[in-house]
Amino acid sequence: MSNEIVIKVGKLLNEVRNNKPLVHNITNYVTVNDCANILLAIGASPIMADDIKEAADITKISSALVINIGTLNERTIESMITSGKKANELNIPVVFDPVGAGASEFRNETTKKILEEVKISVLRGNMSEIKFISGLESSTKGVDASESDMESVNDKGANVAKNLANKLNCTVAITGVTDIISDGKRVAILENGTKMLANVTGTGCMTTALVGAFCGAGSDYFIGAVSGIAAMGICGEIALEKAGQIGTGSFHIAIIDAISNLNSEIIENMVKVKEI
Amino acid sequence: MSNEIVIKVGKLLNEVRNNKPLVHNITNYVTVNDCANILLAIGASPIMADDIKEAADITKISSALVINIGTLNERTIESMITSGKKANELNIPVVFDPVGAGASEFRNETTKKILEEVKISVLRGNMSEIKFISGLESSTKGVDASESDMESVNDKGANVAKNLANKLNCTVAITGVTDIISDGKRVAILENGTKMLANVTGTGCMTTALVGAFCGAGSDYFIGAVSGIAAMGICGEIALEKAGQIGTGSFHIAIIDAISNLNSEIIENMVKVKEI
Amino acid sequence: MSNEIVIKVGKLLNEVRNNKPLVHNITNYVTVNDCANILLAIGASPIMADDIKEAADITKISSALVINIGTLNERTIESMITSGKKANELNIPVVFDPVGAGASEFRNETTKKILEEVKISVLRGNMSEIKFISGLESSTKGVDASESDMESVNDKGANVAKNLANKLNCTVAITGVTDIISDGKRVAILENGTKMLANVTGTGCMTTALVGAFCGAGSDYFIGAVSGIAAMGICGEIALEKAGQIGTGSFHIAIIDAISNLNSEIIENMVKVKEI
């Protein structure tokens, strides 16, 4: 598959590897180690800092900011907002992962507050989370997408992404069996990945971190989102091949291995993307 | 070994895999990633949430609550109590891991407070922790059981478990070389496992999380405790066989692999359990 | 290579394995699981506790205290100082890892405060961090050493370490392609390791934790620092050989495997150390 978007993704990976963008993460303590390691594996440099006394200072020296509300707490919400505003001021891309939006009032309010006060570049979530943010009926069960919501990823999904992208004036990425990415004009459909990715915690968070790395290395955040999600999907397939039979622990490690070996050639050979 | 209890454990594993119970964890930041991954590996769905503004809301939608005081802090104690009370109100099982009880006044007071304010379904600890809670002389050294305490797991151990179970009106599980589980009437002795489990951090926490998954899938919490502890012991043996020679890093990953492949047949073939 | 320092390192490893020193860590949530596992792998016993209500109590029962400011927050700074003072009072060694010093005012002030209020036994950092603390011009970029700073590890580096060691009256260890350790009189140069260590998050934090284990098992903290850093360098080489081709995920696991298999013979055969 060698169309324009594939070439852009491959080029952007080279940019990440050459420029080692510093990616500031304000994230959860469950998957933070994996997020740091996946960022190193793709060629970026991770920094985690969430205290209000330094959050904006760290954002200032970074190429991208990733906000993830996986283990939300009152102490860090203020840091998320402050860092987000600093990023906006300096034109640094902000990638937002609304983990579990819909699961509690606290997550809902925080999601709303972040979207109101910070200009987001890329919003990445599963179908349950994105439907919730869109004001549509969703059936969130914890932090994983509900099965009924996963099945709704089709043409209707493309409209959900496109409409929300236009409403929020950002790129919206819905990940699942099929991934849908839209900046309100363009819509990309990605068919890479494997169901086994849902059996390892943090593959969503890692995808968001990767999107941060790609957005930190280029100015087209739609391509940044496509790149990060394609990278995870492709490496999920490679990891499945290498270690899927062994178990989810080895599969987890094989994902990071695959990301560390990813190059533009592998992307060109394996990516299943189309613009619709 | 094909007695009644073995069949119950195998059946309960099938329930976990079929029903994917949502397990709410308020736990420590050291082993939280492993706890999430082991829950996914056994077929459950993990959610970690510890802020007071959402703790009870998350408990409300969960099938089990796991409280672990491994890295205790003032911010989350209130969440533990509030979530515990909500779980009690809704008849959701509460599994409590009093990590390091006996090692500091703060842990001791918190353990006492939790046991006073929350009705626990399963209390799982090492012999040092359980002896401390029983008001017996123990020799806690940090978060690992002291060697002298590990050796006391025998008939005397069965009495410790049984007495405390009656006192707290819950199931008490003491894990070590031999595991003892009692609900005050029944007592099960498990002989699975390997010493190497003590060379990986969080195998205790992971066991507690597994107990949470099994209790979230059935109503007999004594069987839930036996199941979670048997699963870890059996998978420790499988991991030892596969990766013990390689080192503790590979052994760690092999535990999660083995849990992800565990089924009722493996349990029937490998479990060493007796009721006394 | 079988000189005096090599024999001391080998002997100290045996002390760690025999005495299982309890190492109290107040550290960051990114790499904390790896720090606990590397401590178990080397034969020590880890405990993580950072709440002010128990920090000093935990320090009191420990053989070493490790302070790491990787994800600094206001809540734990007070615990770091209080635990540090308790350690000083009881002659327990304190190992300090000033992660990201130079990257934000908050980290700079905290580093300064810790160095003023706590008597440090070993300060371990990368060249950017150590130069910053020395009051020299550095070019910190996040939590990783800048490339220009990494290249300055040579004779000039030995002077930086020696001067700061004399100023702070402690052992200073600068890790990088070449590692330099000085207690103000002695200077050791270590040439073990591999660049790939920089592709896994927390290899610096793990090294600091290992230094804590070795300092907890002996009274010569210069040798403790050399030992911890040598252990990581050697095991990095072993891991590179075993898993470097596979990817950074497998390399990460292979480091922990190698530490768990490390013995004085391997050290004698592989260590590249000289005193200058």
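Residues numbered from 1 in each chain as written. Chains lettered and ligands numbered in written order. Predicted model: local features only at pLDDT ≥ 70, side-chain atom pairs only at ≥ 80, totals over all residues. Heavy atoms only, no water.

The name given to chain A in an unreviewed UniProt entry is Hydroxyethylthiazole kinase, with Clostridium gelidum as the source organism. Among the UniProt annotations of chain A, the heading Catalytic activity (unreviewed entry) holds the following wording: "5-(2-hydroxyethyl)-4-methylthiazole + ATP = 4-methyl-5-(2-phosphooxyethyl)-thiazole + ADP + H(+)". UniProt's Pathway (unreviewed entry) comment on chain A is quoted here verbatim: "Cofactor biosynthesis; thiamine diphosphate biosynthesis; 4-methyl-5-(2-phosphoethyl)-thiazole from 5-(2-hydroxyethyl)-4-methylthiazole: step 1/1." (UniProt positions renumbered as here; feature names shortened; annotations may be inferred.)

**Q** Quick question: what am I supposed to make of the UniProt feature "binding site: substrate" (unreviewed entry) in chain A here?
**A** According to UniProt, the positions carrying the feature "binding site: substrate" (unreviewed entry) are A:Met48 and A:Gly202. Of note, A:Met48 is situated in strand β2 (residues 45–48). A residue is classified by how much of its surface remains accessible, and A:Met48, at 5% relative accessible area, is buried. The residues touching A:Met48, leaving out its near neighbours within four places in the chain, are A:Asn25, A:Val32, A:Cys35, A:Ala36, C:Val30, C:Gly70, C:Thr71 and C:Arg107. (Helix = DSSP H or I, 4+ residues; strand = E, 2+ residues; numbered from the N terminus. Buried < 20%, exposed > 50% of the residue type's maximum accessible area, 1.4 Å probe, protein only. Contact = heavy atoms within 4.5 Å.)

**Q** Which parts of the structure should I look at to understand the interface of chain C and chain A?
**A** Buried accessible area, meaning the area lost when the parts come together, often serves as the stated size of an interface. Of the residues lining the interface, 31 residues belong to chain C; the matching set on chain A comes to 30 residues. Taking both sides of the interface into account, the surface hidden between chain C and chain A amounts to around 2,300 Å²; carbon and sulfur atoms contribute 52%. There are two salt bridges connecting chain C and chain A. Taking the shortest distance from any N to any O, the salt bridge between A:Glu54 and C:Arg107 comes out at 2.8 Å. Run the count over chain C and chain A and you get 14 residue pairs in polar contact (both at pLDDT 80 or more). Mapped onto the side of chain C that touches chain A, the elements with two or more residues apiece are α5 (105–117) and α11 (248–261) of chain C. At five residues, α11(C) tops the list of elements feeding residues into the side of chain C that touches chain A. A class-by-class count of the residues in the side of chain C that touches chain A yields 10 nonpolar, 14 polar and seven charged. (Buried area = accessible area lost by both parts, 1.4 Å probe. Salt bridge = Lys/Arg side-chain N within 4 Å of Asp/Glu carboxyl O. Polar contact = N/O pair within 3.5 Å; in protein donor to acceptor, adjacent residues only side chain to side chain. Nonpolar A, V, L, I, M, F, W, Y, C, P; charged D, E, K, R; others polar.)

**Q** Teacher, can you tell me more about the relation of the copies chain C and chain A here?
**A** Note: a rotation about an axis with an accompanying shift along it relates these two copies of the chain. For the match of chain C to chain A, the screw axis carries a shift of 0.0 Å, the RMSD comes to 0.0 Å, and the turn is 120°. Put plainly, the chains are arranged around a three-fold axis. Nearest to the rotation axis, the C-alpha of C:Tyr29 is located 3.6 Å from it, this being the minimum over chain C. Different-surface contact between copies: only 6% of interface residues of chain C are shared with the interface of chain A. (Least-squares fit on C-alpha atoms with pLDDT ≥ 70 in both.)

**Q** Would you take a moment to explain the sheet that holds strand β3 (residues 64–68) of chain B for this structure?
**A** Within a sheet, adjacent strands bond to each other through the backbone by hydrogen bonds, running parallel or antiparallel. Residue and element names in this part refer to chain B. Read across the sheet, nine strands follow the order β2-β1-β3-β4-β5-β6-β7-β8-β9 without closing on themselves; strand pairing throughout is mixed. Because the sheet does not close on itself, it has two edges, and the strands there are β2 (45–48) and β9 (273–275). For this sheet, the mean inter-axis angle between neighbouring strands, taken without regard to orientation, is 20°. As defined by bridge partners, strand β1 (residues 22–26) adjoins β3 across four bridges and the pair is classed as parallel. Within β3, the residue paired with His24 across the bridge is Leu65. Across the sheet, helix α9 (residues 203–215) lies against β1, β3, β4 (94–97) and β5 (122–126), angled at about 170° from β4, the strand it touches most. (Pairing = 2+ DSSP bridges. Axes fitted to C-alpha atoms, helices over the stretch in contact; angles between N-to-C directions.)

**Q** Looking at this model, I keep getting lost on the interface of chain B and chain C. Mind explaining?
**A** Listed per partner, the contact involves 31 residues of chain B and 30 residues of chain C. Of the roughly 2,300 Å² buried between chain B and chain C, counting both surfaces, carbon and sulfur atoms make up 52%. At the boundary of chain B with chain C, the tally comes to two salt bridges. Linking chain B with chain C are 14 residue pairs in polar contact (both at pLDDT 80 or more), by the criterion used here. Looking at the side of chain B that touches chain C, the elements that each hand over two or more residues are α5 (105–117) and α11 (248–261) of chain B. Partitioning the side of chain B that touches chain C into residue classes produces 10 nonpolar, 14 polar and seven charged.

**Q** What's the story with unusual backbone geometry in this structure? I'm lost.
**A** Trans peptide bonds make up most of the peptide bonds, and negative phi angles are found at most residues other than glycine. Within the chain, A:Lys20 stands out as a residue other than glycine whose phi angle is a positive 40°. Tracing the backbone shows A:Lys20 in the loop between α1 (4–19) and β1 (22–26).

**Q** Looking at this structure, how should I read the relation of the copies chain B and chain C?
**A** Rotating chain B by 120° and moving it 0.0 Å along the rotation axis overlays it on chain C with an RMSD of 0.0 Å. An asymmetric contact is evident, with only 6% of the interface residues of chain B recurring at the interface of chain C.

**Q** I'm lost on the packing of helix α6 (residues 127–134) of chain B against helix α8 (residues 155–168) of chain B in this one. Help?
**A** For any two helices packed against each other, one specifies the crossing angle of their axes together with the interaxial distance. Residue and element names in this part refer to chain B. For the pair α6 and α8, interaxial distance at closest approach is 10 Å and the crossing angle is 50°. Overall, the two elements α6 and α8 adopt an arrangement that is oblique. The two elements α6 and α8 cross, and the hand of that crossing is left-handed. Residues Met127, Ile130, Ile133 and Ser134 of α6 lie in contact with α8, whose contacting residues are Gly157, Val160, Leu164 and Lys167. A per-class count over the contact of α6 with α8 returns five nonpolar, two polar and one charged. (Parallel < 35°, antiparallel > 145°, perpendicular 65-115°, else oblique. Left-handed = near helix turned anticlockwise from the far one by under 90°.)

**Q** Sorry, what's going on with the pairing of β2(B) here?
**A** Two faces belong to every sheet, and in a regular strand the side chains alternate between them. Residue and element names in this part refer to chain B. Going residue by residue along β2, you find Ser45 and Ile47 tucked away on one face and Pro46 and Met48 tucked away on the opposite face as well. When β1 meets β2, the two strands line up parallel, connected through four bridges. Pairing of Val23 across the sheet is with Pro46, part of β2. On the question of chirality, the crossover connecting β1 to the parallel β2 by way of helix α2 (residues 32–42) is right-handed. (Right-handed = clockwise from strand over helix to strand, strands pointing away.)

**Q** Any chance you could explain α11(C) here in plain terms?
**A** Since the α-helix turns once every 3.6 residues, residues separated by three or four places project in the same direction. Under the 1.5 Å per step criterion, the end-to-end length of α11(C) is 20 Å for 14 residues, consistent within 8% with the ideal 20 Å. Most of α11(C) sits out of view: 13 of its 14 residues are buried. (Expected span 1.5 Å × (residues − 1).)

**Q** Please clarify how the pattern of salt bridges should be interpreted in this entry.
**A** Any two side chains of opposite charge can pair, on the condition that their charged atoms come close. Tallying each qualifying case throughout the model produces 39 salt bridges over all chains. With a closest N to O distance of 3.5 Å, B:Lys60 and B:Asp57 form a salt bridge. Here B:Asp57 and B:Lys60 lie together in helix α3 (residues 55–60), a separation of three residues that amounts to about one turn. Connected through salt bridges with shared partners, the residues A:Asp50, A:Asp51 and A:Arg75 form a single ionic network.

**Q** I keep staring at the UniProt feature "binding site: ATP" (unreviewed entry) in chain A and nothing clicks. Help me out?
**A** Residue and element names in this part refer to chain A. Annotation from UniProt places "binding site: ATP" (unreviewed entry) at Arg124 and Thr175. Maximum C-alpha separation among the annotated residues is 7.3 Å over a sequence range of 52 residues, consistent with a single clustered spot. According to the relative accessible area criterion, Arg124 is buried, its value standing at 5%. With residues up to four places along the chain from it excluded, the contact list for Arg124 reads Phe96, Asp97, Pro98, Ala173, Thr175, Gly204, Cys205, Thr207, Thr208 and Ile229. At 2.5 Å, the side chain of Arg124 forms a polar contact with the side chain of Thr175.

**Q** What is the right way to look at empty space enclosed by the protein in this model?
**A** Leftover empty space is mapped by rolling, across the atoms, a probe with the size of a water molecule. This model, assessed by the stated rule, comprises two cavities of 30 Å³ or more. Estimates place the volume of the largest cavity at around 410 Å³. Taken together, 31 residues make up the lining of the largest cavity; nearest its centre are A:Tyr29, A:Arg75, B:Tyr29, B:Arg75 and C:Tyr29. Taken together, the elements giving at least two residues each to the lining of the largest cavity come down to α4 (74–89) of chain A, α4 (74–89) of chain B together with α4 (74–89) of chain C. Taken together, the residues of the lining of the largest cavity break down into eight nonpolar, 17 polar and six charged. Volume-wise, the second largest cavity comes out at about 350 Å³. (1 Å grid on protein atoms, 1.4 Å probe; cavity = no way out; pocket = protein on both sides within 12 Å on 5 of 7 lines; lining within 4 Å. Points joined across faces, edges and corners; volume = space filled by probe spheres on them.)

**Q** Would you take a moment to explain the nonpolar core for this structure?
**A** Taken as a class, soluble globular proteins show a tendency for nonpolar side chains to be buried jointly. Counting 183 residues, the largest nonpolar core has A:Ile38, A:Ile42, B:Ile38, B:Ile42, C:Ile38 and C:Ile42 as its most contacted members. With residues near it in sequence (within four places) discarded, C:Ile42 still touches C:Leu13, C:Val16, C:Arg17, C:Leu210, C:Ala213, C:Phe214, C:Ile259 and C:Leu262. (Core = buried A, V, L, I, M, F, W, Y, C linked by side-chain atoms within 4.5 Å.)

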